[in-house]
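# Chains, contacts and geometry: an overview
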Amino acid sequence: MRTSIRTAGVLAALLAVGAAGCAGGRTTQEAPPSPVDLTGKVRLVAYASCDEMTEGLRRAAARNVTPWGFGDQMLYEVSDAAAAKRATPEQSYSTTNTHEAGVDEPDLVKTDGDRVITVTGGVLRVVDAKTRKITGTLRLVAEDQSWVQADLLVHGDRALVLFQGGGIIPFGATAEARVGPGGPRYVLVDLSGEPRVLGAMTVHGQHVDARQSGATVRLVVRSAPQVAFPVPKENEPEKELLERNRAAVLSAPAEAWLPAYDIETGGVSRTERVGCDRVSHPDQFTGTSMLTIHTIDLAAATPFGSAAPIAVAADGDTVYGTAGSLYVTSNPRWWIARPIDVVPVPESSAAPQAPPERTQVHRFDVSAPGAPRYVTSGSVPGRLLNQYSLSEHDGHLRVATTSGAEVFGASAGTSESGVYVLDADTLAQTGAVTGLGRGERIYSVRFMGGLGYVVTFRQTDPLYALDLRDPAAPRVTGELKITGYSAYLHPAGDGRLIGIGQEASEEGRRLGTQISLFDVADPAAPAVLSRFHQTESGSEAEWDPHAFLYWPATGLAVVPLQNWADGGVTGSAALALRVGDREIAKVGVVTHPRRPARGDFAPADQGIRRSLVIGGDLWTVSGAGLKVSDAATLADRAWIPFS
């Protein structure tokens, strides 16, 4: 699950969906919530025992439970009878467009230059890059679940397939033999010959994101406590329902909070839980969410369970990774006060108050093999857009946020953005520059060494250039105002920046995809050099940078493009551009045959979604197949259908 401040209308009461559950299984050693002040440094503390953990989590959760449970998911007690029912310049091929070099991110296609590995429609395929033929196929889910979205991480001859949604039925299983709790499923596949499944892990929770460094994958999962709340009685007052819910929380066992996961290897399935000794907590926490980090060594003989997971009594929705650090952040929940005539639980405030609009940040050390080591936590004002709002550089973490935007009941024009510089060892604030884009919100961020670039938007697009070389005194050095906005920024050589977004009218109405080339050589005077505008269109690259390809050797840039008219999508293509030092020129478009319509339930054809370069070839990927084109002329070379 990848979240951002674009997601509007969700209120603070919405918490993590998932299941958690020291005794049942083997251990591997609507609002409002009560306000939690996360200002300044947040210290994590390990629990001394299961009893201490259970009592602490019970009391915290009891203060935050509502008549409707822990947000948008609520378990009710059932009778026994009912219970029976995710490229370096020297390479000749491109890699996934990631935030940090050397840290891979899950995506639907991977290549090592010799082969192309894809997962679409629940099927993993291996294609030989020289012969341009499919050499291996493996169906991973039942055919009627072909709509399931999946991503890949690959190391050598092993692929980890990440199914983020729940309720996945493995291929070959029947509906009656549904495996696991219906949470995210991670399947390990051997690619050394005909692809085959080596094992799988299904977690009781919700997938947040994953990062890979070398052979090591870190999976970040969030979960909510599995507390069975009493079934509401007809016309039961909210006060009584809340009291009964609190009683259920205060009597819940440790297993209700301990995250659980199922591991399948060699035809045998077992359930494990995070051990109490592996759980930590901040000084203040709600008890309504648990954050778990699983470590999988793709080179190990038994990748699943090779390192015990760790958990934190916290929430998380954005993941950012470097070679040595893994950051997990938690945006403040959308919130609206809802008065309830109840007697407050002891130690809780009598009247609901809006929680501080701050983002909590946790840093883990992942420089060594095995489970990550918690380093520190902190917080900053406002909300993150995405992982590109974070950047670690020279011992500091830079964080860009927007405050006061899109919060229910907020007055128009009250928002503003800022960049906060934190000491990476302590996450204590070193410096800050604020007051950016008053009345607007952040649409994109890019940090490049000691410099930073922030785009805010409401009706026009201010591009701010920032000097961050002095961590104690970051400052705005220049500003460029143009129509439209850039939703993704990509470095394009010395003093150049590419922006992918939308052109807009003076009133802020979107007019179609726009690719811009900015001159940022002089931080005091950023300028636009060239712009390409495709009317009535949009690109997945606006919200998912994995969809953007830039090949510096030739200046080739490719984005998937969907055209619309009369309120509907009329076609899809890959738009190829040549980015020079001072201009953007159109090379042409690549199209794929449209898949025939199906009679059963299936998602709409999303068209071309990814592109990559291997030698002199441009490969484009859709649900219908792979097309190989000449990377210079776009002339067709091969079509590889996914029949």
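Residues numbered from 1 in each chain as written. Predicted model: local features only at pLDDT ≥ 70, side-chain atom pairs only at ≥ 80, totals over all residues. Heavy atoms only, no water.

The subject of this paragraph is the state of the cysteines. Under the definition given, this model contains one disulfide. Through a disulfide, cysteine 50 is tied to cysteine 276; the S-S separation comes to 1.7 Å. Disulfide cysteine 50-cysteine 276: the torsion about the S-S bond is 85 degrees, which places it as right-handed. (Disulfide = S-S within 2.5 Å.)

With that settled, consider the pairing of strand 25 (residues 396-403). In terms of residue burial, strand 25 counts as a mostly covered element, since eight of its eight residues are buried. Because side chains alternate across strand 25, one face comprises the buried residues His396, Arg398, Ala400 and Thr402, and the other comprises Leu397, Val399, Thr401 and Ser403, equally buried. For strand 24 (residues 390-393) and strand 25, the ladder comprises four bridges, and the chain directions are antiparallel. Residue pairing across strands places serine 391 opposite arginine 398, the latter belonging to strand 25. Linkage of strand 24 to strand 25, two consecutive antiparallel strands, is achieved through a turn of two residues, within which aspartate 394 is found at a positive phi near 50 degrees. Here strand 25 pairs with strand 26 (residues 416-423) via eight bridges, running antiparallel. Counted as the bridge partner of arginine 398 is valine 421 from strand 26. (Buried < 20%, exposed > 50% of the residue type's maximum accessible area, 1.4 Å probe, protein only. Helix = DSSP H or I, 4+ residues; strand = E, 2+ residues; numbered from the N terminus. Pairing = 2+ DSSP bridges.)

Looking now at the confidence of the model for the protein chain. Predicted coordinates in regions of low pLDDT should not be interpreted in detail. This prediction gives the protein chain a mean pLDDT of 83; 79% of its residues lie at or above 70. Counting interchain partners and residues more than four positions distant, the pLDDT-below-50 stretch residues 1-42 has 165 contacts. Considering only residues more than four positions removed or in separate chains, one finds that residues 335-352, a stretch of pLDDT under 50, has 39 contacts. (pLDDT = per-residue confidence, 0-100. Contact = heavy atoms within 4.5 Å.)

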